[in-house]
Amino acid sequence: MCNANNESNWENSTSTPSGTSSTSLTLYQVLSLVILVLETIIGSFTNGLMVIVNLIYLLTHKKLGSCDSILTCLGLSRFIFMWLVSYMFFLAYLAPNFSGTELTFYIMQFFNYLSLWFAAWLSTFYCVRIVNIQRYIFTVFKTHFDDLLPFLILMSVMISALCSNPAAESGINQIFNMSRFGNEKNTTPFAGIGENFATFSILCAMSSIPPFALFCVSAGLVVHSLVRHMKKMKAQERTGFREPALDAHYRAVKMMAAFFVFFILYMTAFNLYGLGMRKDDMLKCANIFLIGAYPSLHSILLVNGNHKLKNTCVRILQKANCCQRDVIETINN
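Residues numbered from 1 in each chain as written. Predicted model: local features only at pLDDT ≥ 70, side-chain atom pairs only at ≥ 80, totals over all residues. Heavy atoms only, no water.

Looking at an unreviewed UniProt entry, the chain carries the name Taste receptor type 2, with the source organism given as Eleutherodactylus coqui. Here is the UniProt Subcellular location (unreviewed entry) comment for the chain, exactly as written: "Membrane". (UniProt positions renumbered as here; feature names shortened; annotations may be inferred.)

Another point: the environment of Leu27. Along the chain, Leu27 turns up in helix α1 (residues 27-61). A relative accessible area of 67% means that Leu27 is categorised as exposed. Along the chain, Leu27 and Asp281 lie 254 residues apart, while their C-alpha atoms are 9.0 Å from each other. (Helix = DSSP H or I, 4+ residues; strand = E, 2+ residues; numbered from the N terminus. Buried < 20%, exposed > 50% of the residue type's maximum accessible area, 1.4 Å probe, protein only.)

In this section: the UniProt feature "transmembrane region" (unreviewed entry) in the chain. Here the UniProt-annotated "transmembrane region" (unreviewed entry) positions come out as residues 30-58, 70-94, 106-128, 148-168, 197-227, 248-266 and 286-305. Note that residues 148-168 is 90% helix and 0% strand, and that its end C-alpha atoms are spaced 27 Å apart. Secondary structure across residues 286-305 divides into 95% helix and 0% strand, with the first and last C-alpha atoms of the span separated by 27 Å.

This brings us to the nonpolar core. If you look at the biggest cluster of nonpolar residues, it comprises 66 residues, and the most contacted ones within it are Leu122, Phe263 and Tyr266. Counting residues per element, the ones that place at least two in this core are α1, α2 (66-94), α3 (102-130), α5 (145-163), α7 (197-235), α8 (247-274), α9 (282-304) and α10 (307-332). Sort the elements by how many residues they give to this core and α3 lands first, with 19 residues. (Core = buried A, V, L, I, M, F, W, Y, C linked by side-chain atoms within 4.5 Å.)

Turning our eyes to something else, we now look at α10. Counted at 1.5 Å a residue, the expected span for α10 with its 26 residues is 38 Å, and the 37 Å between its end C-alpha atoms agrees. Where the residues of α10 are buried, they touch α1, α2 and α9. (Expected span 1.5 Å × (residues − 1). Contact = heavy atoms within 4.5 Å.)

Structurally, Ser32 can be placed in helix α1. When its relative accessible area of 2% is taken as the criterion, Ser32 is described as buried. Not counting the four nearest positions on each side in its chain, Ser32 is found in contact with Tyr93, Cys285 and Ile288.

To continue, consider the state of the cysteines. In the structure shown here, the tally under the stated rule is zero disulfides. Note on Cys323: no disulfide assigned, nearest cysteine sulfur contributed by Cys322 at a separation of 6.9 Å. Overall, the relative accessible area of 47% leaves Cys323 in the partly exposed class. (Disulfide = S-S within 2.5 Å.)

This part covers α1. Between its first and last C-alpha atoms α1 spans 51 Å; for 35 residues at 1.5 Å apiece the expected length is 51 Å, and the two agree. Phi for Lys62, located one or two positions after α1, is positive at around 65°.

This next bit is on the packing of aromatic side chains. In this structure the tally under the stated criterion is 16 aromatic pairs. Between Phe259 and Phe263 the ring centres are 5.8 Å apart and the planes differ by 20°, which places this aromatic pair in the stacked class. Residue Phe259 and its partner Phe263 are located together in helix α8, separated by four residues, close to a single helical turn. Its relative accessible area of 5% is what places Phe263 among the buried residues. By the ring-pair criterion, three or more aromatic residues cluster together here, those being Phe81, Phe212, Phe215, Phe259, Phe260, Phe263, Tyr266 and Tyr294. Across the ring face of Tyr294, the terminal group of Arg78 is positioned such that the distance to the ring centre comes to 4.9 Å. The ring of Tyr57 carries Lys308 above its face, with NZ or CZ at 4.0 Å from the centroid. (Phe/Tyr/Trp six-rings, centres within 6.5 Å; stacked < 30°, edge-to-face > 60°. Lys NZ or Arg CZ within 6 Å of the ring centre and 35° of its normal.)

You can see Asn112 is positioned in helix α3. Excluding residues within four positions of it along the chain, Asn112 makes contact with Phe81 and Tyr266.

If you want it as structure tokens, here you go:
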């Protein structure tokens with residue numbers, strides 16, 4: 001997404017021996033950084049909350065459930081990903097001639113793919129806990145999901161590492177002969193996308209489609225189970241929308257629908273930005289907002305949907321509000 005050779009919107013820029021430059025930011029660039037900082041703060045709080053609360057629970061109870069384990073891994077990966085994105089954007093805007101971001105870009109992509117896998121496994125967890133399908137493979141997977149989870153997490157780490165490795169990009173270039181699309185680097189604010197955006201797009205699709213397909217299958221099974229239960233209730237003349245038996249279905253569907261919307265908007269914004277948006281305007285600011293919304297705002301919904309995390313968050317906000325009132329009273333006195 002970022003490139004040091006991007007056509008300059010900066011004014012009065014001067015290079016320094018360290019490879020950085022002092023720049024004068026435009027209004028839209030300042031707005032973009034403000035949006036990104038706010039989303040990073042929100043994402044750091046929500047994702048950090050998922051990690052810290054579950055780690056404390058693990059230390060006190062010596063065990064952690066499958067859902068909490070996935071949320072911990074997801075929160076940690078998104079926390080690191082958000083800060084790497086912010087770092088890349090700040091370097092792109094404040095030091096566009098800095099050339100040491102390529103390794104950071106590949107690390108950022110690693111946590112990007114990893115968070116997608118963890119989100120897919122979270123959806124799979126909802127599926128195996130809610131859906132009842134009399135199929136041997138599904139029954140075995142449902143029964144042994146907790147035992148398989150460490151292996152699934154390790155597999156996700158390995159696949160993400162392979163897909164974010166520079167060697168994978170070289171392999172794509174050789175297999176698909178990407179040199180015919182040109183050898184110029186991508187003209188976006190993120191350095192490290194390789195020879196051209198076509199190479200990066202293919203690698204990103206190959207890395208994202210498997211976990212996203214897993215998510216779609218899980219979501220489809222949950223929706224199918226919900227529809228089946230609603231038909232059964234209708235046949236029994238039980239038409240209440242808030243039937244206790246369906247609460248789990250509704251919560252799972254809402255979580256999956258939110259993830260689907262956020263992810264589609266994120267990938268659209270990511271690719272639009274990656275194609276090289278040279279003009280600083282509100283469309284570019286909107287793209288930056290959507291890029292940051294996926295790992296930050298979606299985590300708010302995850303915290304809100306988890307009773308333990310939600311109660312902890314409410315207590316923290318209440319204490320923060322009390323402290324704020326005490327400080328204001330102290331200042332007034």
